[in-house]
Amino acid sequence: ASEKIAADFVRTALFSLWANDCHGLLWWCASDQMHLEHAPYDWCTVERELGLLRVDGRAKPVLKEIGAFRQMLDGLPFRSLPPRTREAVCILTEGQDHWGVAYSTFILAKQAGFDLEFQYASQPVKDVPLYLLPCLEGYLMISRRRMRELLAKVKAGATLYVSLNSGLPDGFEALTGLEPQTRERGRAPGDITFEGVEGLATIPNRGAFKGNFCATRATVLGREADGNPAFTVAPYGKGRVYFLAVPMELTLTQTPGAFHAESAPPCWRLYQHVAECFLKRRAVRKLHPLVALTEHCVDASSRIEVIINQSPYPVRETLAVKPGWRLKRVLYGQAAMDGETIVVDLQKNDACVVAVACRRGERQR
């Protein structure tokens, strides 16, 4: 990247790391190395210009951005940012591309407006209202014991989202409200068409296997071209299970421009649909897919909102505010209350930090 774009990048990265409970950034490296001729610098023809400082000691724009971020932190009325609100856990299962699946799942959740944390299927299931079980692969996906532990939480009222690659869990009808009919390798080119998922018309129909299903209890929200159910929801005890028949997350990881190209389908809308009832619990909500928002609970009546523009273009975002809440203070950037919304003007690759509070007698559940 150019020096200017590198500076824009590090500004976005610093705000994102800070907002998402990360405790530092490592930049490689301190100084440019163009003048060094001995080993190992003689061996490699790249990465000699990654320093924060030029050979003559002058600071590059990226170092100035790091300094400006430090000054911003020092000017805040609190020493550390409270942990962000997290509605969901993504459970990474055996046999899958953990990095690829986690990467897409995290971005889709951010675009949809909620936050998650990760755990492996080998770990005890954390207690949250929403579970994501993306791109199940093979037959050693998750142990029966762990799956029972997870389903007990769903039965008690949690929501579960499942997408498939080559895996097919047992007890499938009880889980999804779908009865498997046949299964074959590969899929014909085409799209999945949605019914009742706001803002989402189609997504690519890709995957290693095609399962053919008959809905027994499930409500069908999306179908393949041949009418086969592909996105459904079914009750499970007091909770519910959303099912997607294709490995959307892995497909997106492998598709250039999948998260930002104008021609890319807004796949994040599917996540927004799954998490809609949990998003309503937030004091502040965003809509723009390239704006990330984290909510940080200070106490029962106040929150810190970190709004980050992940795009290289200025964005004006109108944030929905839950009834009873209001903008209390702008801590960084530009924002103003406009009726029942907060209007935020975000420079490219920059952020806004605001404090919100609820009026006396109001409390967010």
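Residues numbered from 1 in each chain as written. Predicted model: local features only at pLDDT ≥ 70, side-chain atom pairs only at ≥ 80, totals over all residues. Heavy atoms only, no water.

Chemist: Can you break down the nonpolar core residue by residue, with the values?
Modeler: Judged by nonpolar contacts, the single largest core of 67 residues is most densely connected at Phe 114, Leu 160, Met 248, Leu 270 and Tyr 271. Here Phe 114 is in contact with Glu 87, Ala 88, Ala 109, Leu 130, Leu 132, Tyr 271, Ala 275, Leu 279 and Arg 282, once residues within four sequence places are set aside. (Core = buried A, V, L, I, M, F, W, Y, C linked by side-chain atoms within 4.5 Å. Buried < 20%, exposed > 50% of the residue type's maximum accessible area, 1.4 Å probe, protein only. Contact = heavy atoms within 4.5 Å.)

Chemist: Talk me through a positive patch on the surface; I want residue IDs and the actual numbers.
Modeler: A grouping of Arg 326, Lys 328, Arg 329 and Arg 359 is seen on the molecular surface, where their side chains present a positively charged patch. Along the polypeptide, Lys 328 turns up in strand E16 (residues 325-332). A relative accessible area of 56% means that Lys 328 is categorised as exposed. (Patch = residues over 30% accessible without salt bridge, like charges linked within 9 Å, V, L, I, M, F, W, Y side chains within 5 Å. Areas by Shrake-Rupley, 256 points an atom, 1.4 Å probe, with all protein chains shown as cover. Salt bridge = Lys/Arg side-chain N within 4 Å of Asp/Glu carboxyl O. Lys, Arg positive; Asp, Glu negative; His and termini not counted. Charge placed at Lys NZ, Arg CZ, Asp CG, Glu CD. Helix = DSSP H or I, 4+ residues; strand = E, 2+ residues; numbered from the N terminus.)

Chemist: Give a detailed account of the packing of helix H3 (residues 98-112) against helix H7 (residues 268-279), specifying residues and quantitative values.
Modeler: Put simply, H3 and H7 touch, their axes get as near as 8 Å, and they point 60° apart. If you check the angle between H3 and H7, you find them oblique. The two elements H3 and H7 cross, and the hand of that crossing is right-handed. Across from Thr 105, Leu 108, Ala 109, Gln 111 and Ala 112 in H3, the residues of H7 making contact are Trp 268, Tyr 271, Gln 272 and Leu 279. (Axes fitted to C-alpha atoms, helices over the stretch in contact; angles between N-to-C directions. Parallel < 35°, antiparallel > 145°, perpendicular 65-115°, else oblique. Left-handed = near helix turned anticlockwise from the far one by under 90°.)

Chemist: Describe unusual backbone geometry, and please don't skip the residues or the numbers.
Modeler: Outside of glycine, negative phi angles account for most residues, and trans bonds account for most peptide bonds. Here the residue pair Trp 28 and Cys 29 is connected by a cis peptide bond, since its omega of 10° sits within 30 degrees of zero. One can find Cys 29 in the loop between helix H1 (3-19) and helix H2 (61-74). Cis geometry marks the peptide bond from Ala 39 to Pro 40, where omega comes out at 5°. Within the secondary structure, Pro 40 is located in the loop between H1 and H2. At Asp 21, a position not held by glycine, the phi torsion is positive, near 70°.

Chemist: Provide a residue-level description of the sheet that holds strand E2 (residues 116-120), including the pertinent values.
Modeler: Pairing is mixed across the open sheet formed by 9 strands, whose spatial order is E2-E1-E3-E4-E11-E10-E9-E6-E7. Each end of this open sheet is capped by a strand with a single partner; those strands are E2 and strand E7 (202-204). The mean inter-strand angle of the sheet, taken between neighbouring strand axes irrespective of direction, is 20°. Sheet analysis places strand E9 (residues 219-223) next to strand E10 (residues 229-236), joined by 4 bridges and oriented antiparallel. (Pairing = 2+ DSSP bridges.)

Chemist: Requested: an account of the packing of aromatic side chains, with residues and values cited.
Modeler: If you walk through the whole model with that rule in mind, you get 14 aromatic pairs. A centroid spacing of 6.2 Å and a plane angle of 85° characterise the contact between Trp 18 and Phe 69, whose relative ring orientation is edge-to-face. Taken as a pair, Trp 18 in helix H1 and Phe 69 in helix H2 lie far apart in primary sequence, 51 residues in all. Neither residue differs from the other here; Trp 18 and Phe 69 are each classed as buried. (Phe/Tyr/Trp six-rings, centres within 6.5 Å; stacked < 30°, edge-to-face > 60°.)

Chemist: Before we move on, can you summarise the environment of Thr 159 with the specific residues and values?
Modeler: Relative to the assigned elements, Thr 159 resides in strand E4 (residues 159-164). Dropping the residues within four chain positions of it, Thr 159 is found in contact with Pro 129, Leu 130, Tyr 131, Arg 240, Tyr 242, Val 274 and Phe 278.

Chemist: Can you break down H7 residue by residue, with the values?
Modeler: Along its 12 residues, H7 runs just 14 Å from first to last C-alpha, ending more than 12% under the 16 Å computed at 1.5 Å per residue. The buried fraction of H7 is high, at 9 of 12 residues. When we look at burial in H7, the residues that qualify are Trp 268, Arg 269, Leu 270, Tyr 271, Gln 272, Val 274, Ala 275, Phe 278 and Leu 279. (Expected span 1.5 Å × (residues − 1).)

Chemist: Give a description of the pattern of salt bridges that names residues and reports values.
Modeler: Applying the stated criterion across every chain yields a total of 24 salt bridges. Ionic pairing is found between Arg 54 and Glu 3, a salt bridge with its closest N-O pair at 2.6 Å. Of this pair, Arg 54 sits in the loop between H1 and H2 while Glu 3 sits in helix H1, and the two are 51 residues apart along the sequence. Relative accessible area serves as the criterion here: at 34%, Glu 3 is assigned to the partly exposed category. Look at the salt bridges and you will find they share partners, linking Asp 21, Arg 84, Arg 86, Glu 87, Lys 110, Asp 115, Glu 117, Lys 126 and Arg 282 into a network.

Chemist: Quick rundown of helix H4 (residues 144-155)? Include the residues and the values.
Modeler: If you check H4, its first and last C-alpha atoms are 16 Å apart, about what 12 residues at 1.5 Å a residue would give, namely 16 Å. Along H4, the residues classified as buried are Arg 146, Met 147, Leu 150, Leu 151 and Val 154. Projection of H4 onto a plane perpendicular to its axis shows the buried side chains occupying an angular sector of 130°, all on one side. Turned more than 90 degrees away from the buried face of H4, the exposed residues are Arg 145, Arg 148 and Lys 155. Trailing H4 by a residue or two, Gly 157 shows a phi angle of about 135°, which is positive. (Arc of directions from axis to C-beta.)

Chemist: Describe the sheet that holds strand E17 (residues 334-338), with residues and values.
Modeler: Pairing in this open sheet of 4 strands is antiparallel, and the strands run E12-E15-E18-E17 from one edge to the other. The outermost strands of the open sheet, each flanked by one partner alone, are strand E12 (284-285) and E17. Bridging between strand E15 (residues 315-321) and strand E18 (residues 341-346) involves 6 bridges; their strand directions are antiparallel. For Ala 320, the partnering residue across the bridge sits in E18 and is Thr 341.

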